[in-house]
Amino acid sequence: VNNSKLTLSDVWKLVRKHYPDVDIDSDLKQKMKDLVVHVIAATRSTIELRYIEHIGQKTGSKNNNRFFQILGFDIMFDTDLAPWLFEVNSYPSMDIFYEKDNLDGTVEKASSAVDEMVKGTVFSEAAKIVLAKAQSDVFELVYDSEQISSDYCQLYETIFGIYKKL
């Protein structure tokens, strides 16, 4: 059996084929972005704490703000194309290999072209943003803590503050 991973652009092609009336950009992609923004807003305090613990207090350098974390969002769509968050991986696998079953019964490691492309892009674009402070050619800013209303963030902090007390 071949590696069965698809790129997101291939997924969108399948959606267009089976749901030709759906506007992928204004409907599905926007729903995914909204879901990601909610997760980031909900976990903002944890991310900020991790920054302070690991980077913020270690040096007095002006370059202290070079902190990032790659998150893996597993999102599924139901038959009505409503997005459902399956899980968020705080340390997603960056392995580009998979086990390939050979006809003679042996197993070998093979590299996944999809993983090479996707994970290579993630690394190069993350480095561009973090090290060079440049705009990404691929990634789009979907969460900016300066633009999220304080009421919205306060709501999440209150909810998770209550949750922590339970």
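The text that follows walks through the structure, step by step, so that each part is easy to find.

Each value, and the rule that gives it
- Throughout this description, residue numbers start from 1 for each chain and increase along the sequence as written.
- Two thresholds apply to this predicted model, a pLDDT of at least 70 for residue-level local features and 80 or more for giving and counting side-chain atom pairs, whereas whole-chain, interface and lining totals are computed over all residues.
- Based on all heavy atoms of the structure, the side-chain values leave hydrogens and waters out of the count.
- In short, DSSP must find at least two bridges between two strands for them to pair.
- Strands are runs of DSSP state E lasting at least 2 residues, helices are runs of H or I lasting at least 4, and numbering of each runs from the N terminus.
- Two residues form a contact once any of their heavy atoms are found within 4.5 Å.
- Between rings of Phe, Tyr and Trp, where Trp is taken as its six-membered ring, a pair exists when centres lie within 6.5 Å; planes separated by under 30 degrees are stacked, by over 60 edge-to-face, and by other angles tilted.
- Three labels apply to residues, based on accessible area from a 1.4 Å probe with only protein chains included: buried if under 20% of the type maximum, exposed if over 50%, partly exposed otherwise in between.
- Patches draw on residues past 30% relative accessible area with no salt bridge. Two like charges within 9 Å are joined, as are two nonpolar side chains (Val, Leu, Ile, Met, Phe, Trp, Tyr) within 5 Å.
- Areas reported as accessible are Shrake-Rupley estimates using a 1.4 Å probe. Residue values count occlusion only from the protein chains shown.
- The salt bridge definition used is simple: a Lys or Arg side-chain nitrogen within 4 Å of an Asp or Glu carboxyl oxygen.

Things to note about the pairing of strand β2 (residues 83-89)
Bridge count for strand β1 (residues 72-77) against β2 is six bridges, and the pairing is antiparallel. From the neighbouring strand, G72 faces β2, where its bridge partner is N89. From the end of β1 to the start of β2, which pair antiparallel, there are five residues, and L81 there has a positive phi angle of about 65 degrees.

Remarks on the side chain of T7
For T7, the position within the fold is in the segment before α1 (8-18). Dropping the residues within four chain positions of it, T7 is found in contact with V114 and M117.

Topic: the packing of aromatic side chains
For the structure on display, the rule yields one aromatic pair. A ring pair is formed by W12 and F77, whose centres lie 6.4 Å apart and whose planes are at 65 degrees; its orientation type is edge-to-face. You can see W12 sitting in helix α1 and its partner F77 sitting in strand β1, a full 65 residues away along the chain. Residue W12 is classed as buried on the basis of its relative accessible area, which comes to 6%.

Observations concerning a nonpolar patch on the surface
Residues L6, L8, V11 and L14 make up a contiguous nonpolar surface patch of roughly 320 Å² in combined accessible area. Under the relative-accessibility criterion, L6 is labelled partly exposed at 47%.

Regarding the environment of V15
Relative to the assigned elements, V15 resides in helix α1. Spatially, the C-alpha atoms of V15 and L28 are 9.8 Å apart, while their sequence positions differ by 13 residues. With near-sequence residues (within four places) excluded, V15 lies in contact with P20, I24 and L28.

Examining the environment of I70
Tracing the sequence through the fold places I70 in the loop between α2 (24-56) and β1. Spatially, the C-alpha atoms of I70 and S90 are 7.0 Å apart, while their sequence positions differ by 20 residues. Excluding its chain neighbours within four sequence positions, the residues that come into contact with I70 are N89, S90, P92, M94 and V122.

Topic: unusual backbone geometry
One non-glycine residue, L81, lies in positive phi territory at about 65 degrees. Residue L81 is classed as buried on the basis of its relative accessible area, which comes to 6%.

Structural notes on the pattern of salt bridges
For the coordinates displayed, the defined rule picks out six salt bridges. Between D115 and K5 there is a salt bridge; the shortest N-O distance is 2.8 Å. With a gap of 110 residues between them, D115 in helix α3 (residues 113-132) and K5 in the segment before α1 connect regions that are remote in the sequence. You can call K5 partly exposed: its relative accessible area is 42%. In this structure, E125 and K128 form a salt bridge, with 3.3 Å as the shortest nitrogen-oxygen distance.

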